[in-house]
Amino acid sequence: MTTRYRTIVDAMLILVRDGQVLLAQRQGTGYADGQWNLPSGHLEEGETIDEAVVREAHEEIGIKLGADDLRFVHLCHFRNPEGQARMGVFFEATSWEGEPVNAEPHKCSRIEWFPLDQLPLGTYPYTAAGVEQYRQGTPYAAVWPMSYPS
């Protein structure tokens, strides 16, 4: 019997204010530490992708938003250097309550706003690709495999 294909689904939040996007610098997780990433996380059992984005936004940056505050903007299917397939579902927040804060200092060294067209060095390639596709209005991209800086 053939095993069904499975992939990890990432819920990605694009929060834009005055032409700038909010990024978080990872730390202490053992994965992509020191790199900049969008507020995001894995889809958990029993939740929809928009529920995951709402949950992650509250957990990571302390803001409140609902599914009605989200607009789907991009889907990225990629394989990372370890050969693991992932699917990133990117949503833009059209509105939110609260000022973003670093709500998980044990996983994030800081959060910061960056111009959409000038992401910092050390932006996680998956994040950079998703933000660029968002800027271009491209709803889907397959990056197989995704290239990462060494």
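Conventions adopted
Residues numbered from 1 in each chain as written. Predicted model: local features only at pLDDT ≥ 70, side-chain atom pairs only at ≥ 80, totals over all residues. Heavy atoms only, no water. Helix = DSSP H or I, 4+ residues; strand = E, 2+ residues; numbered from the N terminus. Expected span 1.5 Å × (residues − 1). Buried < 20%, exposed > 50% of the residue type's maximum accessible area, 1.4 Å probe, protein only. Contact = heavy atoms within 4.5 Å. Pairing = 2+ DSSP bridges. Axes fitted to C-alpha atoms, helices over the stretch in contact; angles between N-to-C directions. Salt bridge = Lys/Arg side-chain N within 4 Å of Asp/Glu carboxyl O.

1. Remarks on helix α1 (residues 49-61)
Since one α-helical turn is 3.6 residues long, residues separated by three or four positions face the same way.
Next up, step 1: The terminal C-alpha atoms of α1 lie 18 Å apart, and with 13 residues this matches the ideal 18 Å at 1.5 Å per residue to within 8%.
Next up, step 2: Looking at α1, one finds that the buried residues are A52, V53, R55, E56, A57, E60 and I61.
Next up, step 3: Packing partners of the buried residues in α1 comprise β1 (8-14), β3 (20-26), β5 (40-42), β6 (70-79), β7 (85-93) and β8 (108-115).
Next up, step 4: Looking at the residues trailing α1, positive phi occurs at G62, about 70°.

2. Considerations on the sheet that holds β6
Next up, step 1: Taken together, five strands build an open sheet; the order of strands is β5-β1-β7-β6-β9 and the sheet is mixed. At either end of the open sheet lies a strand with only one pairing partner, and these are β5 and β9 (140-143). Going across the sheet, the axis of each strand differs from the next one's by a mean of 20°, ignoring polarity.
Next up, step 2: In this sheet, β7 lies alongside β1 in parallel orientation, the contact comprising seven bridges. Bridged to I14 within β7 is E92.
Next up, step 3: Contacting β1, β5, β6 and β7, α1 runs over the sheet at an angle of about 60° to β1.
Next up, step 4: This element, helix α2 (residues 125-136), spans β1, β6, β7 and β9 of the sheet and lies at about 135° to β6.

3. A few points about the pattern of salt bridges
Next up, step 1: Going through the model one piece at a time under the given rule, you end up with nine salt bridges.
Next up, step 2: For the salt bridge of R17 with E99, the shortest nitrogen-to-oxygen distance reads 3.0 Å. Placement of the pair is R17 in strand β2 (residues 16-17) and E99 in the loop between β7 and β8, with a sequence separation of 82 residues.
Next up, step 3: What makes E99 partly exposed here is its relative accessible area of 47%.

4. With respect to α2
Next up, step 1: With 12 residues, α2 ought to run about 16 Å at 1.5 Å a step, and its terminal C-alpha atoms sit 16 Å apart, in line with that.
Next up, step 2: All of the buried residues in α2 are P125, Y126, T127, G130, V131, Q133 and Y134.
Next up, step 3: Count one or two residues on from α2 and you reach G137, which has phi positive near 75°.

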